[in-house]
Structures are given as structure tokens and as C-alpha cells.
Number of protein chains: 2
Amino acid sequence: MKSVIIDIGGCDYPQKMIAGAVNAAKAFPAYNIVVVGDEQTIKAAVGDKAPVNLVIEHASDVITNYDVPTRAIRQKPDSSLVKAIGLLNSSDDYIGMISGGSTGAVLTGATLLVGRIKGVLRPVLAPFMPTAVDGKLVCIADSGATVDPKPEYLAQYAVMAEKYVRALLGIEKPRIALLSNGTEDDKGDARTKAVHELLKQLPIDFAGNMEARDALTGDYDIIIADGFSGNVLLKAVEGTAKMVMGQVKKAMFSSFKSKIGALLMKKSLYSLKSKLDYHAYGGAAFLGVKKLVVKTHGSSNEISTKASVANIIKMHENHILEDIKAEMETERAAVSVAVPDGE
Amino acid sequence: MKSVIIDIGGCDYPQKMIAGAVNAAKAFPAYNIVVVGDEQTIKAAVGDKAPVNLVIEHASDVITNYDVPTRAIRQKPDSSLVKAIGLLNSSDDYIGMISGGSTGAVLTGATLLVGRIKGVLRPVLAPFMPTAVDGKLVCIADSGATVDPKPEYLAQYAVMAEKYVRALLGIEKPRIALLSNGTEDDKGDARTKAVHELLKQLPIDFAGNMEARDALTGDYDIIIADGFSGNVLLKAVEGTAKMVMGQVKKAMFSSFKSKIGALLMKKSLYSLKSKLDYHAYGGAAFLGVKKLVVKTHGSSNEISTKASVANIIKMHENHILEDIKAEMETERAAVSVAVPDGE
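Residues numbered from 1 in each chain as written. Chains lettered and ligands numbered in written order. Predicted model: local features only at pLDDT ≥ 70, side-chain atom pairs only at ≥ 80, totals over all residues. Heavy atoms only, no water.

The first and last C-alpha atoms of helix α7 (residues 190-201) of chain A sit 18 Å apart over 12 residues, in line with the 16 Å expected at 1.5 Å per residue. Among the residues of α7(A), Arg191(A), Thr192(A), Val195(A), His196(A), Leu198(A) and Leu199(A) are the ones counted as buried. (Helix = DSSP H or I, 4+ residues; strand = E, 2+ residues; numbered from the N terminus. Expected span 1.5 Å × (residues − 1). Buried < 20%, exposed > 50% of the residue type's maximum accessible area, 1.4 Å probe, protein only.)

Next comes the structure, spelled out in C-alpha cells:
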């Protein structure tokens, strides 16, 4: 039986992730859901009503945000993350894993212990954001895995993210834009200009440069960025959405009249809040490693955990890894990069 | 009589900027407000009721967003921008200028024709954003003037922005953070890490690295960034605020009940909208050149134009240029940069 692994170590609310695991087990009876973490915690959270396809794997240790990722991966073999990756590597039956732990540790662990697909220069961390267009999402690649990337890395991000969006959202030819400080072709720092030239050569639907203010218009399916500015984009969007919604809430309670108004608008605003809620879309895929790895938010809850499991199953069923593997052979030629194997 | 120059060439709504100039002339009777642009357009907009301290300077040409800045500055001597800069340079009575035209042209014109203050490596474009804390603003330096800056440039941005925020907001020791992809000291791309070390050595209130999600918390007065990611931050905030407010509006009209609610909340939401409106804070100062130059949004209206004039007058009265000039001598030593004069 194929299995999806959930590492609950290092996340903010293990109980919520476990609840998500239970929901996922019920929703996907054809798969095992393997929860890795402290056995007592998991058992206590699951109670008596564990679905038969929920499997518990005990891990006595945990990697935290205070650990140095490269060191922790080597020195904490009993951590839930290293155990989860060990399981993932042990058999093809384990199709993928989810972790809500330290981003640095998850990416380092996946890169070093799972390993990159042959030809992939750097894996890419690709989360989704909701847009102004109902039901439409936009993917950022990269949102922070590599902060000083070479232009060729970003060209590969485009190729991998295209397959990702196709597999997950069913968009055959996703519209891909390059994050820059202006829409003109010659805008950008030196790296962005070089990436622009590479993306023009690829057989993708390349929309050219875009500005951060248009990230959520719904005009683009994928935004290509270096990990540093992609991270700025993602977090600026999160922070601003939270700030504005907070201000709206404050405005709602600023007078007696507005309180009555707020009461009447409750349902509509609640549905907006869930629309803007990143939990609904699951975590960020870490594309370019040999297995499906999804990094969920540290504050993941039952909704995002279940959504991440659903995403892994969908990616698996749509053969995204095989697609990336096959493409990497041809794509390497297209972006004209001479890459020593195993670089 | 001291004068403030307003270049209306290349902006989206000249009429609105002219209305702002009229308001500014009325609000600051001790200053001349000199409007540079097409005489007919200005006269038609001003009508018969021009305040005596509103001066019209005709310019027959205009630099647009389609012009190449460096070329346009040289080849369009009759453009409103080049004429405005010419005036600004002609006498100390012209204390500063505002332009709503092409950002590239304004910054290029100011850098080449006004010239940098001795010791300044690169001028910095520093706009304000509203935060979650009522009445509190945060300044981004740089928001896009230089996309591939050396670390030393950013150290100087901090010094100049400190004086700017002090002069304009009266904050004696502004809290300064460095935009990065994590709060830990070792987070960031190579440049950010180098900047972090330089900022630690400066006699400023340095809060360390910050993430884009905390840009609007009100915890910081100044955010130091390279022009590329600073531009991403600014535009992501603008775009997301606009998107979320648009969604709130949509939610308000989604049902009969919510429409009634919206009616009751109208006043509160309107006051929120004006709070989030960047027009209220005036344009972005271009710090490090020999005169006060403020780049306002292309879509500047009467509010932002008047606010920009008010900012220039306040900066002038608080001697910000003299402050920066004096500091540049000592600051150069502090950041340990050997800079050939006039580099």
C-alpha cells in the first residue's frame, strides 16, 4: 500500500497536524498515512478512533528552529525529520512526505538525504498564494530555498514549476512571469536580466517581467524569483493581508453602528477570510528532489495538513517526478548550461 | 522668496497635480509654488483664482515613460523635468522640487544634473508606508533607485534615512531594520550579510534583520533594502492592500444582508481606506543629491502633491541637506569605505 509520511516534529501545533493526518487517512483510504513523532503525543491526540490506515512511527528526538540544519541532520538521527526521510528513502511505497518543522532543516534534509534529481542544479520551494480571481492560485518559485542563485537555477525553476502547476491545478500551459522591478524587458538587477534571456529561450508561456504589485491579479500562474526576493514577496503578501484584515476588523468595531453592520456582514467576511487563508492550499512543494516533499507552515492546522496530503497524492498520480526527471535531460540543453553531474 | 518647484510633466493626472499646487500655494503663503509644464494646461486648470504665490513656468516638451532616461535628459532640454531641474540648480531660493513623471528620468536627472552630495555613493529613493499602528509610518530605503548596490551603499542609506525620518517625523532615534529572509543575524543573501555587519558598526538604533511580513507591524521606522527587493516589498504591500480591500468591497456587496451591513460600516471603512491611502503621505524623497527632490506617484492627486510640498518645506526647515552633508564626512569613516570623490 502506498503511503504518505507526516513529520509532526518542530511544528507549532502537533495536535492540529495529527487531526489533519486523521482526516487525511479517512479521506484517502487507499493510502497509509504515516505520522512520525512522539508516540505518546500522537496516541493521545488520535484517541481510540484511529483509522486503520493511520500508522504511527515513534521518534524520540526533534529538530527545532534553534538547531543548525546541516549539523542537526547529521547529529539527530532519532529526530522525527531524519526518521521520516529515512522511511521515505526506504521504499517506493512511500510516495512523499510533509513536514511542519524548521524550513532550513527540511530543505537541507531533503537535499542531502533524499537527493536531487539528476540534472537539477537546485531544488525550489514553491508555495501557492490566493489571487483576486476566485479559485485562482499563483505559485512562487523560489520562495526562499536558495538566496544567491545563478540565473540557470531560475530557468530550471520555471521548468519544474510548470510541471507542478500542471499536475496540481490541471493548467496545461501555465503563464509564467519573472519578478522584477518593472515590466519592461530591460528592467531588473543583473541576475534578473540574465534569467529573462534564459526564460525567453524555453518552450514555456513566458509573460516577461512583472512587478510585485501584480502578483495577485490572477494574470499569472507562476512567478519566478530568486529565493531572497521571492521570500520578500511571499511574506509581504502574507503580512499585508493580515494587517489589512486586522484593520478591517478594527474598523468593524469602531462604533455601535459599524458593529451592527459587521454583524450583518459576518458571513461574507468569514468566507473572504477563508479564501485568503493559506492553510486551504496546503504547504509548499520542494521540487527537484527525488521524492515528493512538502514543507507546510510551522502553524499548520488540520486543514493545511490534509490539503498537503491531497496535493502529494495528486502529484504522485500525475507522475510529476517522472515528468521532471524526463524533462531535465532535454531542459539542460535548452538553457545551455554545462552542469557536472552531482554538482 | 523661497520656492518649491512642481514638475507636472509625464504624470497621469496633470489637473490633479495642479490642483494640489494651488492648495499648497494657499497653505504655504511664505513660499512660491512654481508649476512647470504646458502653460495652457496649467492656466486652464488654475483658472482665475490663482494665488499670487503660484508661478507658472512654461515647458514645451515632456519626458515620458517610453523615453530612455539618460538620453531624454540630454536630448529634451525643453522638457518640464529638465527645465524644473535647471530652475532648481539656478538659485538657493529654489529649495526643492517634486515630479510625478517617469521614475527613471527623475532619478537620472537628479543624479546627473543636480548631482550627489560629496561622499554619497548612491542616492536612495525613500517612500513611506502606513503601518498597523495608527499614525505610524515606515520608510523603505531603497525602494528601487539602485538594483545592484554594493553593501556600503546600503549603510549610507541608513545614515541618510535616519536624518530624513528625524527631520520629517521628529523621531530622534529611528529604529532601523534590514530586510532579509529571516530574523537571525546569519540570514540573507551575501550582500545582506555584509550590510548587516556594516549596520552593526554604525551609531544607529539597529534592530537587526527583519522579514517582509513584519514590515507593517509598526515596530520599525526604517527598512533598509537593496533597490530590487525594496521595490518588491513596496509594490507587494501596495498590491496586496489593494487586492484585499477590493475583496472586502466585493464581500460587502455579495448579499442583501451584507449590503445593509456595508452601509452601516461605510464611515469606518472609509476612514480605513484613507488611512491606507499612500497619497496622504506625499511622494518618496530622493536622498543624497544636493537639493531636495521628491518623486511622487505617477497617479498623484491634489492630496499627495500638497503633502509632498509640505514635506519639502519641513525637510528644508529642519536642514536635512546640511545634516547629510555634515554626516557624510564622518560616516564615510564609520563604514570604512574608501571612496574616490566624484565616483
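Residues and elements named next belong to chain B. Relative to strand β3 (residues 54-58), strand β2 (residues 32-37) runs parallel, the two sharing 5 bridges. Following the sheet pairing, Ile33 is matched in β3 by Leu54. Regarding the hand of the β-α-β motif, the stretch spanning β2, helix α2 (residues 39-46) and β3 is right-handed. (Pairing = 2+ DSSP bridges. Right-handed = clockwise from strand over helix to strand, strands pointing away.)

Note: interface size is frequently given as the accessible area lost on complex formation between the parts. All names here are of chain A. With domains assigned, chain A is organised as domain 1 (3-120 + 288-334) and domain 2 (147-276). Domain 1 and domain 2 are separated by 25 Å when their C-alpha centres are compared. On the side of domain 2, 11 residues touch domain 1, which itself brings 16 residues to the contact. Taken over both partners, the interface formed by domain 1 and domain 2 buries close to 1200 Å², and the fraction arising from carbon and sulfur atoms is 66%. (Domains from an automatic or database assignment. Contact = heavy atoms within 4.5 Å. Buried area = accessible area lost by both parts, 1.4 Å probe.)

Quick look at the interface of chain B and chain A now. Contacts between chain B and chain A engage 54 residues on the former and 54 residues on the latter. Approximately 4400 Å² of surface area, both sides summed, lies buried where chain B meets chain A, with 69% of it carried by carbon and sulfur atoms. It is Arg213(B), Phe228(B) and Lys235(B) that lose the most area in chain B upon contact with chain A, and together they represent 15% of the buried surface on that side. Here chain B is connected to chain A by 6 salt bridges. Here Glu238(B) ties to Arg213(A) by a salt bridge, and the two come within 3.2 Å at their closest N and O atoms. Where chain B touches chain A, the interface holds 15 residue pairs in polar contact (both at pLDDT 80 or more). Secondary-structure elements contributing two or more residues to the side of chain B that touches chain A are α7 (190-201), α8 (227-252) and α9 (256-276) of chain B. (Salt bridge = Lys/Arg side-chain N within 4 Å of Asp/Glu carboxyl O. Polar contact = N/O pair within 3.5 Å; in protein donor to acceptor, adjacent residues only side chain to side chain.)

Here we come to the relation of the copies chain B and chain A. The transform that puts chain B on chain A rotates by 180° and translates by 0.0 Å along the axis, for an RMSD of 0.0 Å. Both chain copies can therefore be described as sitting about a two-fold axis. Among all C-alpha atoms of chain B, that of Gly261(B) lies closest to the rotation axis, at 1.7 Å. When the interface residues of chain B are mapped onto chain A, 100% of them again fall at the interface, so both copies present the same face. (Least-squares fit on C-alpha atoms with pLDDT ≥ 70 in both.)

As a further point, take the sheet that holds strand β6 (residues 128-130) of chain A. Residue and element names in this part refer to chain A. Strands sit in the order β6-β7-β10-β8-β9 across an open sheet of 5 strands; the sheet is mixed. Here the strands that pair on one side only, and so sit at the sheet edges, are β6 and β9 (205-210). If you compare each strand with its neighbour and ignore which way they point, the axes differ by 30° on average. Direction of pairing for strand β7 (residues 137-141) relative to strand β10 (residues 222-224): parallel, over a ladder of 3 bridges. Each residue of the ladder has a partner; that of Ile140, found in β10, is Ile223. (Axes fitted to C-alpha atoms, helices over the stretch in contact; angles between N-to-C directions.)

Quick look at unusual backbone geometry now. All names here are of chain A. Geometrically, the link from Ala141 to Asp142 is a cis peptide bond, its omega value of 20° lying close to zero. With respect to the helices and strands, Asp142 occurs in the loop between β7 and α6 (151-169). Phi at His319 takes a positive value of approximately 55°, unusual for a residue other than glycine. Note on placement: His319 falls in the loop between α10 (302-317) and α11 (320-334).

Next up on the list: the pattern of salt bridges. A side chain with one charge can pair with a side chain of the opposite charge if their charged atoms come near. Applying the stated criterion across every chain, the model contains 30 salt bridges over all chains. The partner of Glu211(A) in a salt bridge is Lys235(B), with the nearest N and O atoms 2.3 Å apart. A residue pair is termed interchain when its members come from two chains, as with Glu211(A) in the loop between β9 and β10 and Lys235(B) in helix α8. Grouping residues by exposure puts Glu211(A) and Lys235(B) together as buried. Here the salt bridges share partners, and the residues they tie into one network are Glu211(A), Arg213(A), Lys235(B) and Glu238(B).

Our next topic: the packing of helix α6 (residues 151-169) of chain B against α7(B). Residue and element names in this part refer to chain B. Two elements in contact, α6 and α7, have axes separated by 9 Å at closest approach and are oriented at 45°. Comparing the axis directions of α6 and α7 gives the class oblique. With respect to the hand of their crossing, α6 and α7 are arranged in right-handed fashion. Of the residues in α7, those in contact with Pro151, Glu152, Leu154, Ala155 and Ala158 of α6 are Arg191, Ala194, Val195, Leu198 and Leu199. Broken down by class, the residue content of the contact of α6 with α7 amounts to 8 nonpolar, no polar and 2 charged. (Parallel < 35°, antiparallel > 145°, perpendicular 65-115°, else oblique. Left-handed = near helix turned anticlockwise from the far one by under 90°. Nonpolar A, V, L, I, M, F, W, Y, C, P; charged D, E, K, R; others polar.)

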